[in-house]
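# A structural walkthrough
Residue-level listing of the chains:
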Protein chains: 2
Amino acid sequence: GRKVLIVYAHQEPKSLNGSLKRVAEEELSKQGCSVTVSDLYAMQFEPRATRNDIVDCLHNSDEFNYGVETWEAYKRGGLSNDLIEEQKKVQEADLLIFQFPLYWFSMPAIMKGWMDRVLVQGFAHEFPNCYDSGLLKNKLALFSFTTGGSKEMYEKGSINGDIRYLLWPMQHGIMHFCGVKVLAPHICFAPEYVPEEKRKEMLIAWAQRLKTLWKEEPINCSPEWYFK
Amino acid sequence: GRKVLIVYAHQEPKSLNGSLKRVAEEELSKQGCSVTVSDLYAMQFEPRATRNDIVDCLHNSDEFNYGVETWEAYKRGGLSNDLIEEQKKVQEADLLIFQFPLYWFSMPAIMKGWMDRVLVQGFAHEFPNCYDSGLLKNKLALFSFTTGGSKEMYEKGSINGDIRYLLWPMQHGIMHFCGVKVLAPHICFAPEYVPEEKRKEMLIAWAQRLKTLWKEEPINCSPEWYFK
């Protein structure tokens, strides 16, 4: 059975994000996948990249460099337990699903902190092993999120610009950088401003997509896809 | 005298980011500006958007909606003190400088949390008051950051794509959305991989730019600037 890690960032289980997360757990489990959820708010996941992420002595305590220190700590097994736990989940997963509400054209800080702290050099990438040779190659990622604005507000030429513009740092800059192949995003536009009936349709559509997810081809994660 | 708020996110005062922050404090003070610094790591600034940001009762305690709750709390003066403090600093400032190392094609989570939590509806925007009519109009913002990759790696057609691609969510999606006019970013490429002499030149160049900063015209914060 395939393994899926859902990294989930919403404070409210009753939210549409909460429901989308449960739909994915149910549908993928039904398929025989083993599903793990990192519920970041429930875990009170620490988003700040600090010296506390290194449990033992520093490589250079005279001038703290987070990137160097976490790289060195990873190699000698000196990262904090919460990071080691998350890295294990990533290592085992065939597919990473990121489920969140869009905050300021990006992911909420608690999820950005997961990226900043978990995907350290040595584990997720190690120059020149980045992009197609990133250390997490052979994995898939999918960004599933809700927006405040409508679909029309995120079209090319509209006020917010094409929704794909804001996917670049997340899909290309993080996932592709680590070698992860990216499936098309799953976007629920403006759930707060539609009738309950429409929100139910959103959940059904997500469950439907998940039924054939493993047959999907990854996107071509290059500037053409984002800015054409 | 003009007022400047520097929102600063680096763990190490001896870092180039720390030096760039001090150079800005010194140069702008010399010009007669009043300079305030929010040193996010030193403040142990909370990046997580949670129910704790509302000190009194919730508008709807049955289903927690962070955007709605902070909007309502802002209107009745019920936001937590750390947010009120930051909002006062923003309100008074003519210029916001964001000083940080680029983490994953974006700002570190601690700074994203500052955006998520401080720039609440009612304070920074209130539909339809967004973009050119955003509530923080008549202010300027400048993103000043360091990168791991070289300038060549952030050119159009190169592996990381044009550096401007990743500026879209931060400059347009956050600052422009709130009505803030954006000055050209200040980017120090790959300071970790250049000789000490070159890092000194980077500090001198930043001080030089600040001398005539108030004469600069904002960029044209539209897709043409980013994706041309």
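Residues numbered from 1 in each chain as written. Chains lettered and ligands numbered in written order. Predicted model: local features only at pLDDT ≥ 70, side-chain atom pairs only at ≥ 80, totals over all residues. Heavy atoms only, no water.

Where we set the bar: UniProt positions are given in the numbering used here, feature names are shortened, and annotations may be inferred rather than shown by experiment.
In the nomenclature of an unreviewed UniProt entry, chain A is known as Ribosyldihydronicotinamide dehydrogenase [quinone] of Anseranas semipalmata. Chain A has a UniProt comment under Function (unreviewed entry) that states "The enzyme apparently serves as a quinone reductase in connection with conjugation reactions of hydroquinones involved in detoxification pathways as well as in biosynthetic processes such as the vitamin K-dependent gamma-carboxylation of glutamate residues in prothrombin synthesis." The Subunit (unreviewed entry) field of the UniProt record for chain A holds the comment "Homodimer."

### Here's the deal with the nonpolar core
The test is simple: For this analysis, a nonpolar core means a set of buried residues of the types Ala, Val, Leu, Ile, Met, Phe, Trp, Tyr and Cys, connected via side-chain atoms within 4.5 Å. Each residue is placed in one exposure class: buried if its accessible area under a 1.4 Å probe, protein chains only, is under 20% of its type's maximum, exposed if it is over 50%, and partly exposed if it falls in between. Note on definitions: a residue-residue contact is assigned when non-hydrogen atoms from the two residues lie within 4.5 Å.
Residues Leu119 of chain A together with Leu119 of chain B are the most contacted members of the largest nonpolar core, which totals 116 residues. For Leu119 of chain A, the residues in contact, after removing those within four places along its chain, are Trp114, Ala124, His125, Leu136, Ile174, Met175 and Cys178 of chain A together with Trp104 of chain B. Core analysis: the next-biggest nonpolar cluster, separate from the first, contains 21 residues, Val23, Cys33, Leu95 and Leu210 of chain A among them.

### Observations concerning the packing of helix H4 (residues 109–118) of chain A against helix H4 (residues 109–118) of chain B
So the rule is basically this: Axes, fitted as lines to C-alpha atoms, cover a helix only where it is in contact. Angles between the N-to-C directions of the axes lie from 0 to 180 degrees. Strands are runs of DSSP state E lasting at least two residues, helices are runs of H or I lasting at least four, and both sets are numbered from the N terminus onward. Put simply, angles under 35 degrees are roughly parallel, angles over 145 are roughly antiparallel, angles from 65 to 115 are roughly perpendicular, and the rest are oblique. Three classes are used: nonpolar for Ala, Val, Leu, Ile, Met, Phe, Trp, Tyr, Cys and Pro, charged for Asp, Glu, Lys and Arg, and polar for all others, with Gly counted as polar.
Running from N to C, H4 of chain A and H4 of chain B cross one another at 170°; their axes reach a closest spacing of 8 Å. The orientation of H4 of chain A with respect to H4 of chain B, classified from their angle, is roughly antiparallel. Counting all contacts with H4 of chain A, which are made through Ala109, Lys112, Gly113 and Asp116 of chain A, the residues of H4 of chain B involved are Ala109, Lys112, Gly113 and Asp116 of chain B. Looking at the contact of H4 of chain A with H4 of chain B, its residues break down into two nonpolar, two polar and four charged.

### Here we look at the relation of the copies chain B and chain A
To be explicit about the condition: The superposition of copies rests on a least-squares fit of C-alpha positions from residues with pLDDT of 70 or more in both.
With an RMSD of 0.0 Å, the operation that places chain B on chain A is a rotation of 180° combined with a shift of 0.0 Å along the axis. Here the transformation between the copies is reduced to the relation of a two-fold axis. Among all C-alpha atoms of chain B, that of Ala109 of chain B lies closest to the rotation axis, at 2.4 Å. A share of 100% of interface residues in chain B that are also interface residues in chain A marks the association as one of identical surfaces.

### Brief notes about the interface of chain B and chain A
How big an interface is tends to be reported as the loss of accessible area on association of its parts. Heads up, the condition is: Buried area: the accessible area, evaluated with a 1.4 Å probe, that two parts lose upon being put together, summed over both parts. By definition here, a salt bridge exists when the distance from a side-chain nitrogen of Lys or Arg to a carboxyl oxygen of Asp or Glu is within 4 Å.
At the interface, 51 residues of chain B touch 51 residues of chain A. Across the chain B to chain A interface the summed buried area is about 4100 Å²; carbon plus sulfur atoms make up 62%. If you look at where chain B meets chain A, you find two salt bridges. Those elements that provide at least two residues to the side of chain B that touches chain A are helix H2 (66–76), H4, helix H5 (163–175) and helix H7 (223–227) of chain B. Of all the elements, H5 of chain B adds the most residues to the side of chain B that touches chain A, at seven residues.

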